[in-house]
Protein chains: 2
Amino acid sequence: MQGWKDYQEKNKDRFLDELLELLRIPSISANSANKEDMRKCAEKVQQRLLEAGAASAKVYETAGHPVVYAEKIVDPSKPTVLVYGHYDVQPPDPLDLWHSGPFEPVIKDGRIYARGSADDKGQFYMHVKALEILSKTNSLQNNIKFLIEGEEEVGSPNLADFVAAHKELLKCDVILISDSSMISMENPSIDIGVRGLAYIQVEVTGANRDLHSGVYGGAVGNPITMLAKMIASCHDENNHITIPGFYDDVVASTPEERKLMAEAPYNENEYKNDLGVKELWGEKGYTTNERTGIRPTLELNGIWGGYTGEGAKTVLPSKAFAKISARLVPNQSSEKITDMLLQYFRKIAPVGVTVEAYNLHGGEPYMTPINSKAYQAAAQAIETTFGKKPIPVRGGGSIPICSILEKELGVKIVFMGFGLDSDNLHSPNEKFDLVNFYKGIETIPYFHKYFAS
Amino acid sequence: MQGWKDYQEKNKDRFLDELLELLRIPSISANSANKEDMRKCAEKVQQRLLEAGAASAKVYETAGHPVVYAEKIVDPSKPTVLVYGHYDVQPPDPLDLWHSGPFEPVIKDGRIYARGSADDKGQFYMHVKALEILSKTNSLQNNIKFLIEGEEEVGSPNLADFVAAHKELLKCDVILISDSSMISMENPSIDIGVRGLAYIQVEVTGANRDLHSGVYGGAVGNPITMLAKMIASCHDENNHITIPGFYDDVVASTPEERKLMAEAPYNENEYKNDLGVKELWGEKGYTTNERTGIRPTLELNGIWGGYTGEGAKTVLPSKAFAKISARLVPNQSSEKITDMLLQYFRKIAPVGVTVEAYNLHGGEPYMTPINSKAYQAAAQAIETTFGKKPIPVRGGGSIPICSILEKELGVKIVFMGFGLDSDNLHSPNEKFDLVNFYKGIETIPYFHKYFAS
């Protein structure tokens, strides 16, 4: 549509400036020190939604960080799209690996570098700007609702309650989420599933205090050594996960599905070069796309214990800790796997140490059908602006709220991610390409158009 | 000697105040930020040595932290005792486990709580005060030299050069060191050996950046998982160290030596209760005293990688690190074992990650004969003030400088440690019992008396 294109072209610098302003707010949901930044960010989102054409926008309190809700109802008899996104971001650590401040966005080589640029401020903001285009060009044919939360990166602990308490408000025909990626701009794709998550912390205690490693070394259980043994026991020589029952509920993909997946563009050398590794690692018998899409995994997210400073300290530490998470696929249950992990680590505690394990967060895997009207509208929109039919793929990440949203609102989710796997999500130097940002804004109005028709 | 006793009794409060003043200086040799504190501490030691009766005392520059040397030569034809000690301390981390500030000494229940109270400020200061007693009561019959260094806790990297360059200055008949412990005040003991040390750091690198554990999890080597596997491979099910060749040079203790060791007082329940553990851990076939005395060990001193903050971050980290050290026994060589460890970790690097390993510090094991005149003088001194013959024991800690001192100066070392294993060396809440401090000061003059006669 020429009118949409003209409007975007005229306003594109302002669109970017507004996003940069959002990116400057350190809305780290995991850090209690950023509580006020979270509120500030929510209020800024509310303001921008109103300016973009929402008839109403409100910041709702929750037991945790606030939720932003906005809507533009053109005609209650028309289809309603609920856009879900999140304004919170991952912690930026390790800070010393960033080339510029995580909350001081810079544009370099056509990319926006900042924490949250792709995950998810840059992506949900495309929807805010798409609303603006549709509103200002008087071409909105359906109803749009926005649900922008502030706790996605910590497992959305309060969103389920919020959704359950506001079912009527959030009533819709489809939920649209841009919080994932495409294969590439040349090979646009649509995620048809996300993995679930079970995230635990394990704490190993030896003696009741740090000890001198000379005086006690060799006679008392070392919690780091024991934790290492426990972690080492989780994968066998084929990199299968050894925890009893872990794979029990996995729905195996059919040979046809695997054949289709194998057709997606993938260049192993490019993949390895991008990551700077000589060899890949993974479960025997599966390809990289399968390992990150249709197979569950168990990853160590963090470990610490003893002396970690400069030089040498001859300490036999009292405690060691690890953060461990599993990515889950249909039909694994986050709760069941969490319990399985907790029980496993408690049970294999070696002699000489005690082990505590507890749940940090989780979410269910989610799949969306490709024959729905909403999926077809998304595919058609992408084909319109990219000139190429999108490939359906299984995403490796998790959006824990998906299964809750579907359960509470009774509708399916469609993923329209415009990021790239190389966006450094959750890593230093997170970025979002300007061309992806603008292409997303260009594409989303077509989704509404096709879905409304 | 009544004169010594009277002098000590009259001055005991000042002796303690002076020690507390030393303990307030955060002389952490491993932290470059404490460079000025190191100098301040060296100068304070110099001042106290002069006040105590040293004829001269000087702060010598080295490539690292300064060395304090002092002497009182009564008659060049008389025997000379060189007292070795160190004014540097271990880093105080983890700070949150201290009940009071590590550099704000407090006296509680008859104990001095502070970093360095036992290791080694409190112990070398007993020798300074013993010199004062001998000087002020005009009863010094031999020559005393002091060599108080500032880099013991980081492996004395510059002391060998200093000693080699000052052989004439340091010439002596015996080296006396109080940097170890006794079994208890009821069961005084003398260390007849210390273990050697090989301390390395291992760095495991997976991808060239931190990754999203959902997008890449399962397809790329996780450096924490790999590091854990490497660590887990170091001990077998009997807690023997599996590194090829590790035990090759160990001189096995004779059945007679082991029988003697078994006679030392040891109560396993008390030992476990003190440490707060239900079960001990160690090499099969050896007792606790043997595990910490005559057997080499491999301990994890620190580990870190990935996200270690509050909450959950779904990161697949780029790097993981470990600090690993071995305690060595005669005739293991620190250099040889260090190389062995470095080669081992480089060689077992799993597919998908790269491993770097490098030496942090080390020192040779050391044994002292119990039939020497100096050992006999120490044993007699302890019997005089404790009313009980000391038991010869093998210490578990390391004093890397021992073998260097012996090699350069051509004399043996005698250990007169007045600390206790429960002094929390290298741990939070390090302490030194007042009674031990004063008993040490009372005992040391007798050593000089018996050694001079």
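Given the structure is predicted, the values throughout are model-derived calculations rather than measurements.

**Student:** Looking at this model, I keep getting lost on the pairing of strand β10 (residues 196–205) of chain B. Mind explaining?
**Tutor:** Regular strands place their side chains on alternate faces of the sheet. Residues and elements named next belong to chain B. In terms of burial, β10 is largely enclosed, as ten of its ten residues are buried. Judged by which residues are buried, β10 turns out to be covered on both faces: Gly196, Ala198, Ile200, Val202 and Val204 on one side and Leu197, Tyr199, Gln201, Glu203 and Thr205 on the other are all buried. Examined bridge by bridge, β10 and strand β14 (residues 319–328) share ten bridges and lie antiparallel to one another. When the bridges of β14 are listed, Thr205 appears paired with Lys319. As paired elements, β10 and strand β15 (residues 354–363) share nine bridges and run antiparallel to each other.

**Student:** Quick question: what am I supposed to make of the relation of the copies chain B and chain A here?
**Tutor:** Put simply, the second copy of the chain is the first one after a rotation about an axis and a shift along it. Note on the copies: chain B fits chain A at an RMSD of 0.1 Å, the axial shift is 0.0 Å, and the rotation between them is 180 degrees. Expressed as a symmetry operation, the mapping of one chain copy onto the other fits a two-fold axis. In this assembly the copies share their binding face: 98% of the residues contributing to the interface of chain B also contribute to that of chain A.

**Student:** Even after reading the chapter, I still don't get the UniProt feature "domain: Peptidase M20 dimerisation" (unreviewed entry) in chain A, so can you show me in this structure?
**Tutor:** Following the UniProt record, one finds the feature "domain: Peptidase M20 dimerisation" (unreviewed entry) at residues 193–350 of chain A. Overall, residues 193–350 of chain A shows 29% helix and 23% strand. The separation of its end C-alpha atoms is 38 Å.

**Student:** Can you help me understand the environment of B:Glu104 in this one?
**Tutor:** Along the chain, the position of B:Glu104 falls in the loop between β3 (80–86) and β4 (106–108). With relative accessibility at 53%, the residue B:Glu104 sits in the exposed group.

**Student:** Would you mind going over the side chain of B:Asn34 with me for this structure?
**Tutor:** Residue placement: B:Asn34 occurs in the loop between α1 (2–23) and α2 (35–52). Once you skip the residues sitting within four places of it in the chain, B:Asn34 turns out to touch B:Pro26 and B:Ile28.

**Student:** Can you help me understand the domain arrangement of chain A in this one?
**Tutor:** Note: interface size is frequently given as the accessible area lost on complex formation between the parts. Residue and element names in this part refer to chain A. Domain parsing of chain A yields domain 1 (2–194 + 365–452) and domain 2 (196–259 + 290–363). Here domain 1 and domain 2 have C-alpha centroids that lie 33 Å from each other. Tallying the contact residues gives twelve residues for domain 1 and 14 residues for domain 2. When domain 1 packs against domain 2, close to 980 Å² is buried across both sides, 55% of that on carbon and sulfur atoms. By the criterion of area lost to domain 2, the three top residues of domain 1 are Pro365, Arg394 and Ser398, representing 56% of everything that side buries. There are zero salt bridges connecting domain 1 and domain 2.

**Student:** How should I be thinking about the packing of α2(B) against helix α3 (residues 121–136) of chain B in this particular structure?
**Tutor:** Residues and elements named next belong to chain B. With their axes 8 Å apart at the nearest point, α2 and α3 run at an angle of 25 degrees to one another. Relative to α3, the element α2 lies roughly parallel. Contact with α2, carried on its side by Cys41, Val45, Arg48, Leu49, Glu51 and Ala52, involves Lys121, Phe124, Tyr125, Val128, Leu131, Glu132, Ser135 and Lys136 of α3 and no other residues of that element. Within the contact of α2 with α3, the residues separate by chemical class into eight nonpolar, one polar and five charged.

**Student:** Sorry if this is basic, but what is going on with the sheet that holds strand β16 (residues 366–367) of chain B here?
**Tutor:** Two pairing modes exist for strands in a sheet, parallel and antiparallel, and in both the strands are linked by backbone hydrogen bonds. Residue and element names in this part refer to chain B. Pairing is mixed in the open sheet, where three strands are placed in the order β16-β9-β17. Edge positions in the sheet fall to β16 and β17 (391–394), since each of these pairs with one other strand and no more. The pairing of strand β9 (residues 189–194) with β17 spans four bridges and is parallel. The partner of Ser189 across the bridge, within β17, is Ile391.

**Student:** Sorry if this is basic, but what is going on with the interface of chain B and chain A here?
**Tutor:** Contacts between the two partners involve 89 residues from chain B and, on the opposite side, 88 residues from chain A. Carbon and sulfur atoms supply 54% of the area that chain B and chain A bury against each other, a total of about 7500 Å² over both sides. Among the residues chain B hides against chain A, the three largest losses belong to B:Trp281, B:Ile303 and B:Lys313. Together they make up 9% of the total. Run the count over chain B and chain A and you get two salt bridges. Between B:Asp274 and A:Arg209 there is a salt bridge, with its nearest N and O atoms 3.1 Å apart. At the junction of chain B with chain A, the criterion picks out 55 residue pairs in polar contact (both at pLDDT 80 or more). Per element, the largest residue contribution to the side of chain B that touches chain A is nine residues, and it comes from strand β12 (residues 297–306) of chain B.

**Student:** Help me understand the packing of aromatic side chains in this model?
**Tutor:** Two measures describe an aromatic ring pair: the distance that separates the ring centres and the angle between the ring planes. Residue and element names in this part refer to chain A. Under the counting rule described, the total for this entry stands at 31 aromatic pairs over all chains. For the pair Tyr344 and Phe345, a centre-to-centre distance of 5.5 Å together with 80 degrees between the ring planes defines the contact as edge-to-face. On the basis of relative accessibility, which here comes to 13%, the residue Tyr344 falls in the buried class. An aromatic cluster is defined as three or more aromatic residues linked by ring pairs; in this entry it consists of Trp4, Tyr446 and Tyr450. The side chain of Lys439 reaches across the aromatic face of Phe386, ending 5.5 Å from its centre.

**Student:** Would you mind going over helix α12 (residues 401–409) of chain B with me for this structure?
**Tutor:** Within the sequence span of α12(B), burial applies to B:Ile401, B:Cys402, B:Ser403, B:Leu405, B:Glu408 and B:Leu409. Positive backbone phi, at 70 degrees, marks B:Gly410, one or two positions downstream of α12(B).

**Student:** Can you walk me through helix α1 (residues 2–23) of chain A in this structure?
**Tutor:** Given 3.6 residues to a turn, an α-helix orients residues that are three or four positions apart in the same direction. Residue and element names in this part refer to chain A. Between its terminal C-alpha atoms α1 stretches 30 Å, which fits the 32 Å expected from 22 residues at 1.5 Å a residue. Bending of α1 peaks at approximately 60 degrees at the position of Asn11. In this structure, the buried side of α1 is in contact with α2 (35–52), β4 (106–108), β5 (111–113), α3 (121–136) and α13 (434–452).

**Student:** How should I be thinking about the environment of B:Gly363 in this particular structure?
**Tutor:** Residue and element names in this part refer to chain B. Mapping Gly363 onto the fold places it in strand β15. Through-space distance from the C-alpha of Gly363 to that of Ile401 is 6.9 Å; in sequence the pair is 38 residues apart. Those residues in contact with Gly363 that lie beyond four places of it in its chain are Gly196, Leu197, Leu328, Ser334 and Pro400.

The rules behind each value
Residues numbered from 1 in each chain as written. Chains lettered and ligands numbered in written order. Predicted model: local features only at pLDDT ≥ 70, side-chain atom pairs only at ≥ 80, totals over all residues. Heavy atoms only, no water. Buried < 20%, exposed > 50% of the residue type's maximum accessible area, 1.4 Å probe, protein only. Helix = DSSP H or I, 4+ residues; strand = E, 2+ residues; numbered from the N terminus. Pairing = 2+ DSSP bridges. Least-squares fit on C-alpha atoms with pLDDT ≥ 70 in both. Contact = heavy atoms within 4.5 Å. UniProt positions renumbered as here; feature names shortened; annotations may be inferred. Domains from an automatic or database assignment. Buried area = accessible area lost by both parts, 1.4 Å probe. Salt bridge = Lys/Arg side-chain N within 4 Å of Asp/Glu carboxyl O. Axes fitted to C-alpha atoms, helices over the stretch in contact; angles between N-to-C directions. Parallel < 35°, antiparallel > 145°, perpendicular 65-115°, else oblique. Nonpolar A, V, L, I, M, F, W, Y, C, P; charged D, E, K, R; others polar. Polar contact = N/O pair within 3.5 Å; in protein donor to acceptor, adjacent residues only side chain to side chain. Phe/Tyr/Trp six-rings, centres within 6.5 Å; stacked < 30°, edge-to-face > 60°. Lys NZ or Arg CZ within 6 Å of the ring centre and 35° of its normal. Expected span 1.5 Å × (residues − 1). Bend = angle between axes of the 7 residues up to and from the residue.

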